[in-house]
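Chain by chain, the residues run as shown.
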Amino acid sequence: SINDRVEWRDESGELRAERNIEYLHAIIQLCEEQGVQAVVVTMPVTCEYKQYLPAEQIAFHDSVMQSLPSSAIYIDASDWLVPDDGWYNSTHVTKEASVGFTHQLMDSIQSR
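Predicted, not measured: the structure shown is a model, and the values here were computed from it.

Undergrad: Give me the overall build of the chain: which residues, what numbers.
TA: Regarding its fold elements, the chain presents 5 helices and 2 strands. Mapped in sequence order, the helices and strands of the chain form the string α-α-β-α-α-β-α. Projected onto its principal axes, the C-alpha positions of the chain cover 40 × 35 × 30 Å. Long-range pairs, those at least 24 residues apart, make up 74% of the contacts in the chain between residues at least 6 apart in sequence. In the form shown here, the chain has an accessible surface area of approximately 8500 Å², with 54% of it arising from carbon and sulfur atoms. When the 7 basic and 18 acidic side-chain charges of the chain are each reduced to a single mean position, those positions are 6 Å apart.

This is the structure we're talking about:
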């Protein structure tokens, strides 16, 4: 409803982050209960984008990933190489680059 959206916008960033972490853990638990392997991936971004990320945000992200239940597979693909022409924008790869990324991701998952 519209009221839910307005309420969400009024929440602090910290509270939204806490709720999102709770949702992530709940999804992982649901996967575990259903016999499904949860895979959490940190996606690559351009070097320019990465250099402007605040150190606090990187540290927060790292702490969240370290808090994942052991039943989840975590893949840090943040440093995977994407060709310069493989970026649609700072955080999204082109359709062509996504094919290579998907192959890398599948290889990474299968090797675990």
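Undergrad: Can you tell me about the pattern of salt bridges, naming the residues and giving the values?
TA: Applying the stated criterion to the full structure yields 1 salt bridge. For the salt bridge of Lys50 with Asp79, the shortest nitrogen-to-oxygen distance reads 2.9 Å. Taken as a pair, Lys50 in helix H3 (residues 47-51) and Asp79 in the loop between strand S2 (73-76) and helix H5 (95-110) lie far apart in primary sequence, 29 residues in all. Look at Lys50 and you get partly exposed, because its relative accessible area is 28%.

Undergrad: Before we move on, could you go through the packing of helix H2 (residues 13-33) against helix H4 (residues 55-66) and cite the residues and values that matter?
TA: At a minimum axis distance of 11 Å, the contact between H2 and H4 shows a crossing angle of 25°. As far as their axial angle goes, H4 and H2 are roughly parallel. In the packing of H2 onto H4, the handedness of the crossing is right-handed. Together, Ala17, Ile21 and Leu24 of H2 and Phe60, Val64 and Met65 of H4 make up the contact between the two elements. Within the contact of H2 with H4, the residues separate by chemical class into 6 nonpolar, no polar and no charged.

Undergrad: I'd love a proper account of the pairing of strand S1 (residues 39-42), names of residues and values included.
TA: Alternating residues of S1 divide into Val40 and Thr42, all buried, and Val39 and Val41, none buried. Relative to S2, S1 is paired through 4 bridges, and the arrangement is parallel. In the sheet register, Val40 faces S2, and the bridge partner there is Tyr74.

Undergrad: Which residues make up the packing of aromatic side chains, and what are the values?
TA: Applying the stated criterion across every chain, the model contains 1 aromatic pair. On the numbers, 5.2 Å between centres and 45° between planes, the contact of Trp80 with Phe101 is tilted. Remark: Phe101 occurs in helix H5 and Trp80 occurs in the loop between S2 and H5; sequence separation between them is 21 residues. The residues Trp80 and Phe101 share a single accessibility class, namely buried.

Undergrad: Please provide a residue-by-residue account of the layout of surface pockets, values included.
TA: Using a probe with the size of a water molecule, rolled over the atoms, empty space left in the structure can be pinpointed. Here the largest pocket is characterised by a volume of approximately 530 Å³. What lines the largest pocket is a set of 18 residues, and nearest its centre among them are Thr42, Met43, Leu53, Gln57 and His61. Contributions of two or more residues to the lining of the largest pocket are made by S1, H3, H4 and S2. Take the lining of the largest pocket: its biggest share by element is 7 residues, from H4. In this structure, the second largest pocket spans a volume of roughly 200 Å³. Lining of the second largest pocket is provided by 13 residues; of these, Val45, Thr46, Cys47, Val82 and Trp87 occupy positions nearest its centre.

Definitions and cut-offs
- Residues numbered from 1 in each chain as written.
- Predicted model: local features only at pLDDT ≥ 70, side-chain atom pairs only at ≥ 80, totals over all residues.
- Heavy atoms only, no water.
- Helix = DSSP H or I, 4+ residues; strand = E, 2+ residues; numbered from the N terminus.
- Contact = heavy atoms within 4.5 Å.
- Areas by Shrake-Rupley, 256 points an atom, 1.4 Å probe, with all protein chains shown as cover.
- Lys, Arg positive; Asp, Glu negative; His and termini not counted.
- Charge placed at Lys NZ, Arg CZ, Asp CG, Glu CD.
- Salt bridge = Lys/Arg side-chain N within 4 Å of Asp/Glu carboxyl O.
- Buried < 20%, exposed > 50% of the residue type's maximum accessible area, 1.4 Å probe, protein only.
- Axes fitted to C-alpha atoms, helices over the stretch in contact; angles between N-to-C directions.
- Parallel < 35°, antiparallel > 145°, perpendicular 65-115°, else oblique.
- Left-handed = near helix turned anticlockwise from the far one by under 90°.
- Nonpolar A, V, L, I, M, F, W, Y, C, P; charged D, E, K, R; others polar.
- Pairing = 2+ DSSP bridges.
- Phe/Tyr/Trp six-rings, centres within 6.5 Å; stacked < 30°, edge-to-face > 60°.
- 1 Å grid on protein atoms, 1.4 Å probe; cavity = no way out; pocket = protein on both sides within 12 Å on 5 of 7 lines; lining within 4 Å.
- Points joined across faces, edges and corners; volume = space filled by probe spheres on them.

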